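Listed here are the chains, written in short residue letters.
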Amino acid sequence: MTRILLTNARLDGGEPRTVAVRDGVIDAVTDQPPAPEPGDHVEDLAGQIVVPGFVDGHCHADKSLWGEPWARRTSEVISMDQMFEDTVAQWAATTTPVATRARAFLGACVAAGSTSIRTFADVAPEIGLEGVEAMLQLRQDMRHLTDLTVVAFPQLGILRKPGTEVLLEEALKLGAHAIGGLDPAGVDGDAIAQLDIVFGLAAKYGVAVDFHMHEDGELGWWLIRRIAERTKALGLQGKVCLCDVFSLADPTPQRLREMGDTLAEAGIAVAVGVHGLLPVPDVRTLHGLGVKMCLGSDSSRSLWSPWGDGDMLSRAMFMAYKCYFRRDEDLEFALRIATTLGRDALGWPRADFRPGDPADLVALPGQALGEVVVSPPKRSLVMKAGRIVARYGKLVGNS
Ligand SMILES: [Zn+2]
């Protein structure tokens, strides 16, 4: 395979260096360009910043209406019941196949720099396995663009929707990489029963677990402890992730420490969402307590919400803004949740410019990491597994 030399590349905003890429991985990083070889392809990045490819640890590609005509949204307040109705209505009304919509959305994610993505795929009797099948096919079709992993997700509940448990198991047999849970108490009304089903299937099929958990306050804290117990009992440390953890949003300092210690000890990661109405958890404190975290684009331009575009650098900006990060080290931390820390949280191998690491990277015009977080520039180049797949926000070639 042709060697690619990225010259004048400022890795993580450092001094200009040359990155040699061969056979999909980082070959070497040197202060001076190496001796030329016949067929070298040279990209002079002219001092641009280069960061590892972005990790979207939580998105709903199957729900996105990306590329579709604008859908007028009229619900003023989104309740869980309204969201359930919208989900069923969207699946019934959208004539564009889910695979077509999701491909358009995921293409936009890649063009914005996401080289690793975890997507949820709704599973319910009204929906069947269409979403899971479509996402697994896209994983295959788009493997040269991004690493896509799929969570079989009971968006309408499990006990609340008889027949869902069987479908979830079918989804895992098809190859879904993780099983999702949703508000074990709030939606299903029997938290222990939902936890038993989800963890039972995870143990049976050896897959990861990913819970949406909108229960707040003491109920949320109680659920975290029950999930931690099961995670440890089944040896699933490092394979469980919680998202939309409302109980983490504004606990007392002492409770936050207890929660952080419990999550860290059980090896449970948190996917940080950035929601308009809710405070972002105290990510610096949680990180200090050893909690692994990733960032997610969550629902993007769905029937529920017009917001979101799959751009993880913008997501890091929103997170940093809501946390009122001002110091550069905090802004850099926000970026790392969207890159290296996110990979670690989801158990993906490191990809941060060591020889042999996957050559997944993004080039960004800018002076400093803090600057690109507060003012996200266009991604001038996105490389996936040693191949340039996007330039200035557009996929290249026949990607
Ligand atoms: Zn979600």
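What follows deals with the overall build of the protein. Scanning the protein for helices and strands turns up 12 helices and 17 strands. A globule of 399 residues ought to have a C-alpha radius of gyration of about 21 Å, and the protein, at 21 Å, matches this closely. C-alpha atoms of the protein, sized along the principal axes, occupy 65 × 50 × 40 Å. Within the protein, buried positions represent 55% of all 399 residues. Taking as baseline every contact in the protein between residues at least 6 positions apart, the subset at least 24 positions apart corresponds to 74%. Looking at the protein as shown, the accessible area adds up to about 16200 Å², and 52% of this sits on carbon and sulfur atoms. Both charge centroids of the protein, one from 40 positive and one from 52 negative side chains, sit 3 Å from each other.

In this section: the packing of aromatic side chains. Between two aromatic rings, the relevant description is the distance of the centres plus the angle of the planes. Summed over the entire model, instances satisfying the criterion amount to 3 aromatic pairs. Taking 5.2 Å as the distance between ring centres and 75 degrees as the angle between the ring planes, the aromatic pair formed by Phe120 and Phe153 counts as edge-to-face. On the criterion of sequence distance, the pair formed by Phe120 in strand E7 (residues 114-122) and Phe153 in strand E8 (residues 147-153) is long-range, its members being 33 residues apart. The same class applies to Phe120 as to Phe153, namely buried. When the ring centre of Trp70 is taken as reference, the NZ or CZ atom of Arg73 above it lies at 4.9 Å.

For the rest of this paragraph, the subject is the pattern of salt bridges. Under the definition given, this model contains 28 salt bridges. Across the pair Glu258 and Arg255 runs a salt bridge, and its minimum N-O distance is 2.8 Å. Of the two residues, Glu258 and Arg255 both sit in helix H7 (residues 253-265), 3 residues apart, roughly one turn of that helix. It is possible to trace a salt-bridge network through shared partners that takes in Arg3, Arg22, Asp27, Glu37 and Asp40.

Right, let's talk about the coordination of the zinc ion for a bit. In this structure, His58 (NE2), His60 (NE2), His212 (NE2) and Asp298 (OD) serve as the protein donors to the zinc ion, at separations of 2.1 to 2.7 Å. For the zinc ion, the 4 donor atoms in the first shell make angles of 88 to 167 degrees at the metal, a pattern classed as irregular. Mapping the donors of the zinc ion onto the primary sequence yields the spacing H-x1-H-x151-H-x85-D. One end of the pair, His60, is in the loop between strand E6 (54-59) and helix H1 (80-93); the other, Asp298, is in the loop between strand E13 (293-295) and helix H9 (312-322), with 238 residues separating them in the sequence. His60 gets classed as buried once you look at its relative accessible area, which sits at 4%. Residue Asp298 is classed as buried on the basis of its relative accessible area, which comes to 8%.

We now examine the domain arrangement of the protein. Interfaces are often sized by the accessible area lost when the parts come together. Taken domain by domain, the protein comprises domain 1 (4-52 + 351-395) and domain 2 (54-346). Averaged C-alpha coordinates put domain 1 and domain 2 at centres separated by 29 Å. Listed per partner, the contact involves 24 residues of domain 1 and 24 residues of domain 2. A buried area of about 1900 Å², summed over both sides, lies between domain 1 and domain 2, and 71% of it is on carbon and sulfur atoms. By the criterion of area lost to domain 2, the three top residues of domain 1 are Val373, Arg379 and Lys384, representing 32% of everything that side buries.

With 3 bridges joining them, strand E15 (residues 381-384) and strand E16 (residues 387-391) adopt antiparallel strand pairing. By the bridge assignment for E16, Met383 is matched with Ile388. Adjacent in sequence and paired antiparallel, E15 and E16 are bridged by 2 residues, among which Ala385 carries a positive phi angle near 50 degrees. Pairing of E16 with strand E17 (residues 394-395), which is carried by 2 bridges, proceeds in the antiparallel orientation. Considered in E17, the bridge of Ala390 is made with Leu395. Here E16 folds back onto E17, and the loop between the two strands holds 2 residues, one of which, Tyr392, carries a positive phi near 45 degrees.

Further remarks concern unusual backbone geometry. Outside of glycine, negative phi angles account for most residues, and trans bonds account for most peptide bonds. The backbone of Asn8 shows a phi angle near 50 degrees, a positive value even though the residue is not glycine. Mapped onto the fold, Asn8 is located in strand E1 (residues 4-11). The class for Asn8 is partly exposed, based on a relative accessible area of 33%. Here Asp12, not a glycine, exhibits a phi torsion of approximately 50 degrees, which is positive. Within the secondary structure layout, Asp12 lies in the loop between E1 and strand E2 (16-22). A relative accessible area of 41% means that Asp12 is categorised as partly exposed.

Let's shift gears to the state of the cysteines. Using the criterion set out here, one finds 0 disulfides in the structure. Unpaired in this structure, Cys109 has its nearest cysteine sulfur neighbour in Cys59, at a distance of 5.6 Å. On the basis of relative accessibility, which here comes to 0%, the residue Cys109 falls in the buried class.

How each quantity is defined
Residues numbered from 1 in each chain as written. Predicted model: local features only at pLDDT ≥ 70, side-chain atom pairs only at ≥ 80, totals over all residues. Heavy atoms only, no water. Helix = DSSP H or I, 4+ residues; strand = E, 2+ residues; numbered from the N terminus. Rg over C-alpha atoms; globule rule 2.2 N^0.38 Å. Buried < 20%, exposed > 50% of the residue type's maximum accessible area, 1.4 Å probe, protein only. Contact = heavy atoms within 4.5 Å. Areas by Shrake-Rupley, 256 points an atom, 1.4 Å probe, with all protein chains shown as cover. Lys, Arg positive; Asp, Glu negative; His and termini not counted. Charge placed at Lys NZ, Arg CZ, Asp CG, Glu CD. Phe/Tyr/Trp six-rings, centres within 6.5 Å; stacked < 30°, edge-to-face > 60°. Lys NZ or Arg CZ within 6 Å of the ring centre and 35° of its normal. Salt bridge = Lys/Arg side-chain N within 4 Å of Asp/Glu carboxyl O. Donors = N, O, S within 2.8 Å, 3.2 Å for Na, K, Ca; no water. Tetrahedral: all angles 85-135°; square planar, octahedral: opposite > 155°, others 65-115°. Domains from an automatic or database assignment. Buried area = accessible area lost by both parts, 1.4 Å probe. Pairing = 2+ DSSP bridges. Disulfide = S-S within 2.5 Å.

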